[in-house]
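Structure assessment
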Amino acid sequence: MSHSCKSPLRYFLLAGALVLGDQALKLWVMQVFALGESRPLIGGVVYLSLVHNTGMAFGLARSHPGFFVLISSAAITVFSYLLLRSSYRSQSDGWILWGMSLILGGAAGNLIDRVRFGYVIDFLDLRWWPVFNLADSAITVGAVLIGIRLFIHERRVRQ
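A short tour of the structure in this document, coming up. All values reported here derive from a predicted model rather than from experimental measurement. (Residues numbered from 1 in each chain as written. Predicted model: local features only at pLDDT ≥ 70, side-chain atom pairs only at ≥ 80, totals over all residues. Heavy atoms only, no water.)

**Notes on the overall build of the protein chain**
Within the protein chain one finds four helices and three strands. Across the protein chain, helices and strands are ordered from the amino to the carboxyl terminus as α-β-β-α-α-β-α. Burial analysis of the protein chain (159 residues in total) assigns 38% to the buried set. Considering only contacts in the protein chain between residues 6 or more positions apart, those separated by 24 or more positions represent 68%. (Helix = DSSP H or I, 4+ residues; strand = E, 2+ residues; numbered from the N terminus. Buried < 20%, exposed > 50% of the residue type's maximum accessible area, 1.4 Å probe, protein only. Contact = heavy atoms within 4.5 Å.)

**What about the pairing of strand β1 (residues 38-42)?**
Successive side chains on a regular strand alternate, one facing one side of the sheet and the next facing the other. Relative to strand β2 (residues 46-53), β1 is paired through four bridges, and the arrangement is antiparallel. Within β2, the position partnered with Ile42 by the bridge is Val46. In this structure, the hairpin formed by β1 and β2 is closed by a connection of three residues, where Gly43 is found at a positive phi of approximately 50 degrees. (Pairing = 2+ DSSP bridges.)

**Quick notes on the sheet that holds β2**
The strand order β1-β2-β3 describes an open sheet built from three strands, whose pairing is antiparallel. Each edge of the sheet is formed by a strand with only one pairing partner; in this case those strands are β1 and β3 (120-125). For this sheet, the mean angle separating the axes of adjacent strands, direction not counted, is 30 degrees. Pairing geometry for β2 and β3, over five bridges, is antiparallel. (Axes fitted to C-alpha atoms, helices over the stretch in contact; angles between N-to-C directions.)

**Description of helix α3 (residues 94-117)**
It helps to recall that an α-helix has 3.6 residues per turn; residues three or four apart then point in one direction. Compared with an ideal rise of 1.5 Å per residue, which puts 24 residues at 34 Å, α3 spans 35 Å between its outermost C-alpha atoms and is within 8% of the ideal. The N-terminus of α3 is capped by Asp93, whose side-chain oxygen sits 2.8 Å from the backbone nitrogen of Trp95. Two residues or fewer past α3, Gly118 is found with a positive phi of approximately 90 degrees. (Expected span 1.5 Å × (residues − 1). Polar contact = N/O pair within 3.5 Å; in protein donor to acceptor, adjacent residues only side chain to side chain.)

**Brief notes about the packing of aromatic side chains**
Inspection of every chain in the model, using the stated rule, returns five aromatic pairs. Sitting over the ring of Phe33, Arg39 keeps its end group 4.4 Å from the ring centre. The ring of Tyr47 has Arg127 lying over it, and the distance from NZ or CZ to the ring centre is 3.6 Å. (Phe/Tyr/Trp six-rings, centres within 6.5 Å; stacked < 30°, edge-to-face > 60°. Lys NZ or Arg CZ within 6 Å of the ring centre and 35° of its normal.)

Nothing here speaks to function; it is geometry throughout.
Here it is, written out as C-alpha cells:
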C-alpha cells in the first residue's frame, strides 16, 4: 500500500463514534423524558422533545417501517463498500470520504432504532423544523459535504 493511500479505519471509526453517540443520547432522552415531553435546552431556541418517528429523517414520508429498514440496510451496505473501495485510492477526496462516513454512521444509528423499536427516537426540536436526532444531523451534514465537493469539482472542470 502506498503512503498516499488512506486507511478506511478512520472513516469507520467516525461512523462508529456517531452510532455510539447517537444511541447514548437517545437512551438518555428515553430515560429522562416521557413521550411528547419537551423542555428548553438553549433559551427559547432549542428544545429537547421526545418523539417517536415512524417516517424518514425529520419525520418525512411516514410509511411501513420494514421499507425504511431495507433502505437503511442498503445505504449502509453501499456506503461501506464505497468507503472500503475509495479510501485506498490515492486520488480519493477526503470531503467525499468524510461525508460517506457521516451518512454511514447516521444510517446505522437510525437503523438500530427501527430494528429495536419499529421507529426512530428523535429529540432535537427547533420548533420551526421537524424534530430530529444526531443521526439525522450526520446524514444531512454528510450529504452537504459531498454536495459541496461535487459542486466545487464541477465548477473547476467547467473552467
